[in-house]
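# An overview of the molecular structure
For reference, the chains in residue letters:
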Amino acid sequence: MSAQAQPNSFRTGPDERGHFGQFGGRFVAETLMPNILELEKAYEEARNDPAFHADMAHFSTHYIGRPSPLYFAERMTEHLGGAKIYFKREELNHTGAHKVNNVLGQILLARRMGKKRIIAETGAGQHGVATATLCARFGLDCVVYMGAVDVERQKPNVFRMNMLGAKVVPVQSGTRTLKDAMNEALRDWVTNVADTFYCIGTVAGPHPYPAMVRDFQCVIGNETREQMMQAEGRLPDSLVACIGGGSNAIGLFHPFLDDKEIEIYGVEAAGHGLDKLHAASLSGGRPGVLHGNRTYLLMDHDGQIQDAHSISAGLDYPGIGPEHAWLHEMGRVTYISATDEEALEAFQLCSRLEGILPALEPSHALAKVMELAPQKPKDHLMVVNISGRGDKDLFQIAEHLGNQIV
Amino acid sequence: MTQRIEARFEQCRQEGRAALVTYVMAGDPDPETSLAILKSLPKAGADIVEFGLPFTDPMADGPAIQAAGLRALKVGQDTVKTLDLVRRFRADDQDTPVILMGYFNPIFVYGVDRFLADAKAAGVDGLIVVDLPPEEDDELCLPALKAGLAFIRLATPTTDDRRLPAVLRNTAGFVYYVSITGITGAATPDFGKVATAVERIKRHTPLPVVVGFGVKSGAHAAAVAQGADGVVVGSALIDALKGTLDSEGRATAGSIEAVTKLVKELSDGVRSVAKRAAA
């Protein structure tokens, strides 16, 4: 546990400069600063405009398909023999993951700001697909930067983006994964700053992105509160979610942060193991500055960013959202990790017991549910966020399990 | 030590010309070659030298500088070694200002106070840190000024008159005007617009204004020198160096000369434009 003084509320951050404790901030090139200030102002106005919220509600219901169900995972509960397990079914959203909640908010904001060209970075391709989808819906130009390595391992999503009319640019620089896609998106934004809106896919980047993306994802936790009250007449006892940048996790966690009796677990990707190649920035990294914010990063003695590794392209990032870094240091959220192998095992268990193919990302959260649930009494209510569906991962999983799909 | 920077601009004013500022990457393609290049630059006509701190994720740089940073990192360049190269440069040259240019993370990880002390002791005069806008002045800018190092700010085409005072506050040495909205080594700017922008900035500050991004030749340098107090060239020098490397990315016999040849051309370009000497 941290020795730091506990705040009265964990939900008031960031401060006006975008800081969560020592984390966050606005570490960007001067060229982008006027744009970031413009975005901050536009978001502040939208946040206080009932018409914006009405638009969000309309499209959330009729286009995304919200609310997503809170589902009692009865057979998983029986099998593990402890806590009563609920799934928050974000994989049932249009486009198959939680990413679309945030993209809807940012695209509606881009429209208010009169921006006609949208750029995005993507790792697994879920954020890219969600961005391409809403750009198609609203007739906006869409360019998605994706590491060349990820283009190769997530081909179905590349094809989906192409079908939706987006231009996918394979990024050949650096390690050719998500962090390089983000570098390239920032380079595009610096170059086309006047007409372009950068739609960031997670709770990272310069202020106001971490707070804004969190706000758009909080629908997950807000619905969970209501749904659990309806189902059980009380709040849950614990929450579990996977963390790459951390947007699905903060969306579930944030509305519960001040219910201090609720245990909250964030699950990072331990890859081959924490002593080998992994993507667990909190467990294996330290504070640094990258992509516009200060947060925990995987890096060497000189501050050079190291390669992350996870079987899940969506968790394969050497950083984490700054609010998670702060919650980690404050001790409010417990951050643990799951290896590639553990995630694959959880994927198979969930598929067979519940008839739900989870994406590899939430399979990391499920892997820790398999550990945590048996230690809890039967009246313990545990919610796990199933942040995406596994269809996109089938080829990769087949390869790992030694099967051929066709 | 901003005195060396001030003295050098004063000397250029006396000579009735703009200054030539050159950028090369520390450790590219190896530490000894990069030091030899650094030493050769003033002799070839550079007035101020910028030494790049390599970083894995240079978000404001184009392909040339990205690749140069990765070449340097591949042979083990780090901040400690870069400061050591500056120390060795300074042993032979007491007058040429040395500016370190890079990104904040390696400096943050080194430790800001320790970095400033070590940089100053090595003979560094100023810092350009791309990802530290005025909003983050507490991080490095203010401590640097306190330690006696110039924190040189980038002004850009998106920095409007409302924002300029904030950008110019706490800056020292000179102002670096980024000629385009874009990354290093990409588009060539509209030189007429650049001259107008420099005039606009000079209305807000007595500091010299230098212009960089997209300057590739002696003719470009001459065009920029019409309006600006200095011309910065980086990617073109790195491209010249890269053109001489062998298939393994190692220096060859012609590496240093390829850089100095272009510096001479740029220097001739800068010197072809007569400016009124300071009264």
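Conventions we followed
- Residues numbered from 1 in each chain as written.
- Chains lettered and ligands numbered in written order.
- Predicted model: local features only at pLDDT ≥ 70, side-chain atom pairs only at ≥ 80, totals over all residues.
- Contact = placed C-beta atoms within 7 Å.
- Helix = DSSP H or I, 4+ residues; strand = E, 2+ residues; numbered from the N terminus.
- Nonpolar A, V, L, I, M, F, W, Y, C, P; charged D, E, K, R; others polar.
- Pairing = 2+ DSSP bridges.
- Axes fitted to C-alpha atoms, helices over the stretch in contact; angles between N-to-C directions.
- Buried ≥ 20, exposed ≤ 12 C-beta atoms within 10 Å, placed from the backbone.
- Expected span 1.5 Å × (residues − 1).
- Core = buried A, V, L, I, M, F, W, Y, C linked by C-beta atoms within 7 Å.
- Domains from an automatic or database assignment.

## Points about the interface of chain A and chain B
- Facing the 27 residues of chain A at the interface are 32 residues of chain B.
- Ranked by the residues each element gives to the side of chain A that touches chain B, the list is headed by helix 8 (residues 178-191) of chain A, at six residues.
- Class assignment for the residues of the side of chain A that touches chain B results in twelve nonpolar, nine polar and six charged.

## Here we look at the sheet that holds strand 1 (residues 19-20) of chain A
Residues and elements named next belong to chain A.
- Ordered by their spatial adjacency, four strands build an open sheet running 1-2-12-11, and the pairing between neighbours is antiparallel. Every other strand in the sheet has two partners, leaving strand 1 and strand 11 (286-290) as the edge strands with one partner each.
- Across the face of the sheet, helix 13 (residues 322-330) comes into contact with strand 1, strand 2 (23-27) and strand 12 (292-297) while running at roughly 45 degrees to strand 12.

## Considering the pairing of strand 12 of chain A
Residue and element names in this part refer to chain A.
- The buried fraction of strand 12 is high, at six of six residues.
- Judged from the two bridges that link them, strand 2 and strand 12 form a sheet pairing that is antiparallel. Within strand 12, the position partnered with Gly24 by the bridge is Arg294.
- A loop of one residue connects strand 11 with strand 12, the two strands running antiparallel in sequence, and His291 in this loop sits at a positive phi of about 50 degrees.

## A short note on helix 14 (residues 340-354) of chain A
Residues and elements named next belong to chain A.
- With 15 residues, helix 14 extends 21 Å between its outermost C-alpha atoms, agreeing within 8% with the 21 Å of an ideal straight helix rising 1.5 Å per residue.
- Restricting attention to buried positions, one finds in helix 14 the residues Asp340, Ala343, Leu344, Ala346, Phe347, Leu349, Cys350 and Glu354.
- The first or second residue beyond helix 14 is Gly355, which carries a positive phi of 65 degrees.

## Thoughts on the nonpolar core
- In this structure, Tyr177, Val210, Val231 and Leu237 of chain B are the most contacted members of the largest nonpolar core, which totals 227 residues.
- No other element matches helix 8 of chain A, which puts seven residues into this core.
- Residue assignment places this core across two domains, with domain 1 (19-60 + 98-206) and domain 2 (66-96 + 214-400) of chain A each supplying three or more.
- Beyond its immediate sequence surroundings of up to four residues, Val231 of chain B is in contact with Ala18, Leu20, Val21, Val210, Val211, Val215, Ala221, Val224, Ala225 and Val270 of chain B.

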